Amino acid sequence: MYVISKLQTGEPVWAFNTRDLMRAATCDHCVRLAVARELKLAGVAELVAPFEQTDKNLAMRYGDKFEAEIEGELRDHLGEDDFQRPEGNDKFAETVALMRAGVPVIYQGELQHRSGLSEFRGRPDFLVRADYELEFVDGRLTAKQNPDLAGIGGYLAWDAKLARSAKPHYLLQVAIYVDALEALGLKAEGGLHGLILGSRTTEVFEESEIVPAMRRARAVLEAAFTKVAAGHSDEFELEHLDLHCESESTCKICEYPGLCAQNRKDLDHLVQVAGINKSQIEKLRKAGINTMTQLANATDAQRPSDFIGLTFDKLRKQASLQVGYNQTGQHKHIVVEDPEIAVLPPASANDIFFDMEGFPYFEEKGGLEYLFGAVTRDKKFHSWFAHDRIQEAGAFAGFVKFAYDRCQADPTAHIYHYAPYEVSALNRLATRHGLMETEVDWLISEGKLIDLYKVVKGSIMVSQPSYSIKKLEPLYGFGRDGEVADAASSIEEYDNYRRAIIEGAPEADQLLQNIADYNEDDCISTLELYEWLAAMPEAGTRYAQ
């Protein structure tokens, strides 16, 4: 957001975009910090500078690619006359002119709408004349005129999103475009506005479903602008600002997520406690418990009256473990009552430790499962790679046969993995390719696939803010030294590999090897996690029951 002009009264008019609107819907902190930055209040620019993000991440780059693809598909389908993009200096005026001329589809037009002290400025991906309908045909986006809608005036707003399903903040964007069209007198009455999704499907929404939430979010912005106009800029000074989003999930659209994370740490914020939720934080604050350290040291008398069962004690123990680690640097864990490790199967010579790598930005629907990795108890690494759909079927079948044959030959053997993704992926792939369905069903129904994440969560509490396997590794002494650090990095590396192959770059083989090394580390880490859990006195005590 930024100030674009001043009214004759001297009051500033603020321009805002769809991202400002999304932040206003979820986090007042983001709005207030943006206002303070634009007002150039003392200390704000210096505070946010280290946390500014200027580069587009992989999701953004593939989002741009998806938008370019469907732009090309519509342009090819409609032709240059019926599909136009404003190219002049005044794109707003040109967009309005194109709508008044009745162009069927306008790509990346510009809309503006002033309301009070705010002016929205944004570019809907597609403005579609009311008698045209968007539809995917044979996987390609088309726009066809519907004779039954002839004579209906105005335009509908559509946005393209790489995601496979609609998210609330996407609808805010569509709704603000609808509002701007209405202000221009160019909104299609009673029409359905929508989203074009990366799953190559569309979702449509009535105006009444999406506009009220948008107006509530815009009201948050306008309230902030009104305070400034009324001379209350001091309310936005650094000493009065919250410097973090209240929910970590909000940071996905926050302007400075790194600042949020650092400020929560500086404040010893309760949200750092592993497994805590927003409702629990609010209840603890009402009871006078505002920090993780205060929770760690809380007495039974401070337990909020509306906490159910053992929730308070569990959160207190978790906070105590984390505070202890912060103070000493020593990793610790405790075993909970009636732990899941009591039914952990004993080791078998034919056990398998399994991990998969997927690429969500694959050009075909559903992403690509490009690596199935497994280690056996001798730490020998087995891998099945795939770089297209046909290879994916072969790699999937190869791994399942390997696992099924070992488990059939040795009834004591199991397949260990971490988190539920692998099981859901195997089911999905069996359906997608019509392969190994009987084998996958047998592995699952016979309890051969063991999720060690479920075992960990039901067995121990650890001195870490999360229970990802990489956070657990210091507890059992597993170290990594590979080029790829985490799942997000593996996706980046596979994207680099794909581009290297296209360009014929010599480093392609090494990039793929880096991913294989990372996957092998994940599999070996899963093996060593099993060994650590199995060595606990409580492990396996009820397995045979």
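Residues numbered from 1 in each chain as written. Predicted model: local features only at pLDDT ≥ 70, side-chain atom pairs only at ≥ 80, totals over all residues. Heavy atoms only, no water.

Student: Help me get a handle on the sheet that holds strand β3 (residues 83-84), residues and values and all.
Tutor: One open sheet holds the six strands; their spatial order is β3-β4-β7-β10-β11-β12, and the pairing between them is mixed. Two strands in the sheet have a free side with no partner beyond their single neighbour: β3 and β12 (202-205). Relative to strand β4 (residues 105-107), β3 runs parallel, the two sharing two bridges. Within β4, the position partnered with Phe83 by the bridge is Val105. (Pairing = 2+ DSSP bridges. Helix = DSSP H or I, 4+ residues; strand = E, 2+ residues; numbered from the N terminus.)

Student: A description of helix α9 (residues 278-286) should follow, citing residues and the corresponding values.
Tutor: Where α9 is concerned, the buried positions are Gln280, Ile281 and Leu284. Mapping the buried residues of α9 onto a view down its axis gives an arc of 100°, with all of them on the same face. Projecting away from the buried face of α9 at angles above 90 degrees are the exposed residues Lys278 and Lys286. Of the surrounding elements, those touching the buried residues of α9 are α10 (292-296) and α11 (311-328). For α9, the side-chain oxygen to backbone nitrogen distance between the N-cap and Ser279 is 3.2 Å, and the N-cap itself is Asn277. (Buried < 20%, exposed > 50% of the residue type's maximum accessible area, 1.4 Å probe, protein only. Arc of directions from axis to C-beta. Contact = heavy atoms within 4.5 Å. Polar contact = N/O pair within 3.5 Å; in protein donor to acceptor, adjacent residues only side chain to side chain.)

Student: Explain the sheet that holds strand β2 (residues 12-16) to me, using residue names and the numbers behind them.
Tutor: The mixed open sheet is built from four strands, whose spatial order is β1-β2-β6-β5. For this open sheet the edge positions go to β1 (2-6) and β5 (111-115), each flanked by a neighbour on one side alone. Direction aside, neighbouring strands of the sheet carry axes that sit 25° apart on average. Note: β1 against β2, four bridges, orientation antiparallel. Its bridge partner being in β2, Ser5 is matched across the sheet by Val13. Here helix α6 (residues 168-184) sits on the sheet in contact with β2, β5 and β6 (118-122), set at roughly 80° to β5. (Axes fitted to C-alpha atoms, helices over the stretch in contact; angles between N-to-C directions.)

Student: Which residues make up the pairing of β6, and what values do they have?
Tutor: Counting buried positions along β6 yields four of five residues, so the element is predominantly enclosed. With three bridges joining them, β2 and β6 adopt parallel strand pairing. Residue pairing across strands places Phe16 opposite Phe120, the latter belonging to β6. In textbook terms, the turn of a hairpin is the stretch between consecutive antiparallel strands, and for β5 and β6 this stretch comprises two residues, one of which, Gly116, has a positive phi near 65°.

Student: Go over helix α17 (residues 487-503), please, and point to the residues and values.
Tutor: Helix length check: α17 (17 residues) gives 24 Å between terminal C-alpha atoms against 24 Å at 1.5 Å per residue, within 8%. Among the residues of α17, those classed as buried are Ser490, Ile491, Glu493, Tyr494, Asp495, Tyr497, Arg498 and Ala500. Its buried side turned inward, α17 meets α4 (58-78), β14 (352-359), β15 (368-376) and α18 (508-534). The N-capping residue of α17, defined by a side-chain oxygen 3.3 Å from the backbone nitrogen of Ala488, is Asp486. Looking one or two residues beyond α17, the residue adopting positive phi is Gly504, at roughly 70°. (Expected span 1.5 Å × (residues − 1).)

These figures come from the coordinates and say nothing about function on their own.
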